[in-house]
Amino acid sequence: MSETVQESSPSPAEPQTDSTENTETEKSEVSNTEALLVQEGDIAGDYLERLLDLLDYDGDIDLDVEAGRAVVSIDGGDDLEKLVGGRGQVLEALQELTRLAVQQETGVRSRLMLDVAGWRAGRRQELTELGRSTAESVLETGKEARLRPMTPFERKIIHDAVAAVDGVHSESEGEEPNRKVVVFKS
């Protein structure tokens, strides 16, 4: 038995979309998303500026958009290390408070990233090196490696660094706040 399949053409009642319309819609969505991220950065910047004033700390606030999220950096003040704390714990808490301030104003959960005195940038570099060297060691010895517990930010950097090395992979295990990365030979 044979079947004939006929492609249907749009009826006059069905609107035809043109690729330029789709492109314009995509551009509009991208610019709306970027505008929301810029708004998040502005709200966060105002919130953090008020906080710095209350603490009587000096610092320059820089706002940016990277990888689909608002990024706010505070640099330049002598007291800023106090806003980082041991292993970035104060910074993590301050980032959460800033995200809540943004959410309160916009009604949307923010994924904004906060860096103070370049701590996150430096930590990212350290963790990338740790992830790469751990992956190479696991590749060489064949023995899995368990790293100490880390924050989600830290684990993501380790996972990315391990993924860049062929022949190994990583997984997270455990429960917060003791969740850690384990690196395995593939």
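Residues numbered from 1 in each chain as written. Predicted model: local features only at pLDDT ≥ 70, side-chain atom pairs only at ≥ 80, totals over all residues. Heavy atoms only, no water.

## A closer look at the sheet that holds strand β3 (residues 113–116)
Each strand in a sheet pairs with its neighbour through backbone hydrogen bonds, running either in the same direction (parallel) or in the opposite one (antiparallel). Across the sheet, which stays open at both edges, the 3 strands sit in the order β1-β2-β3 with mixed pairing between neighbours. Each end of this open sheet is capped by a strand with a single partner; those strands are β1 (60–66) and β3. In this sheet, adjacent strand axes meet at a mean angle of 20 degrees when their direction is disregarded. Direction of pairing for β1 relative to strand β2 (residues 69–75): antiparallel, over a ladder of 7 bridges. Counted as the bridge partner of Val65 is Ala70 from β2. (Pairing = 2+ DSSP bridges. Helix = DSSP H or I, 4+ residues; strand = E, 2+ residues; numbered from the N terminus. Axes fitted to C-alpha atoms, helices over the stretch in contact; angles between N-to-C directions.)

## Remarks on helix α3 (residues 119–141)
Spanning 23 residues, α3 covers 32 Å between terminal C-alpha atoms, matching the ideal 33 Å at 1.5 Å per step. Regarding α3, the residues found buried are Arg120, Arg123, Leu127, Gly131, Thr134, Ala135 and Val138. Taken together, the buried residues of α3 touch α2 (89–106), β3, β4 (145–146), α4 (152–163), β5 (168–173) and β6 (180–185). The first or second residue beyond α3 is Gly142, which carries a positive phi of 80 degrees. (Expected span 1.5 Å × (residues − 1). Buried < 20%, exposed > 50% of the residue type's maximum accessible area, 1.4 Å probe, protein only. Contact = heavy atoms within 4.5 Å.)

## A look at the packing of aromatic side chains
Enumeration over the complete set of coordinates arrives at 0 aromatic pairs. The side chain of Arg120 reaches across the aromatic face of Phe153, ending 4.7 Å from its centre. (Phe/Tyr/Trp six-rings, centres within 6.5 Å; stacked < 30°, edge-to-face > 60°. Lys NZ or Arg CZ within 6 Å of the ring centre and 35° of its normal.)

## Examining the pattern of salt bridges
Enumeration according to the criterion identifies 12 salt bridges in this entry. A salt bridge links Arg146 to Glu173, with the nearest nitrogen and oxygen atoms 2.8 Å apart. You can see Arg146 sitting in strand β4 and its partner Glu173 sitting in strand β5, a full 27 residues away along the chain. Looking at Arg146, the relative accessible area reads 45%, which means it is partly exposed. Residue classification places Glu173 among the partly exposed positions, given a relative accessible area of 30%. Between Glu176 and Arg155 there is a salt bridge; the shortest N-O distance is 2.8 Å. Note that Glu176 is positioned in the loop between β5 and β6 and Arg155 in helix α4, a separation of 21 residues in sequence. (Salt bridge = Lys/Arg side-chain N within 4 Å of Asp/Glu carboxyl O.)

## Some points on α2
If you check α2, its first and last C-alpha atoms are 26 Å apart, about what 18 residues at 1.5 Å a residue would give, namely 26 Å. Listed as buried for α2 are Leu91, Leu94, Gln95, Thr98, Arg99, Ala101 and Val102. Looking down the long axis of α2, one finds its buried residues gathered within 160 degrees of arc, a one-sided arrangement. For α2, exposure combined with an orientation more than 90 degrees from the buried face picks out Gln89 and Gln104. Backbone geometry just after α2 places Gly107 at a positive phi near 80 degrees. (Arc of directions from axis to C-beta.)

## A few points about the nonpolar core
Ile74, Leu83, Leu114 and Val116 are the most contacted members of the largest nonpolar core, which totals 17 residues. Sorting the residues of this core by element identifies α1 (19–55), β2, α2 and β3 as the ones contributing at least two each. Considering every element that reaches this core, the biggest residue donor is α1, with 4 residues. If sequence neighbours within four positions are ignored, Leu83 has contacts with Leu52, Leu55, Tyr57, Val90, Leu91, Leu94 and Val116. Val71, Met150, Phe153 and Val183 belong to the second-largest nonpolar core, a separate cluster that totals 16 residues. (Core = buried A, V, L, I, M, F, W, Y, C linked by side-chain atoms within 4.5 Å.)

Scope: geometric values only; no functional claims are made or implied.
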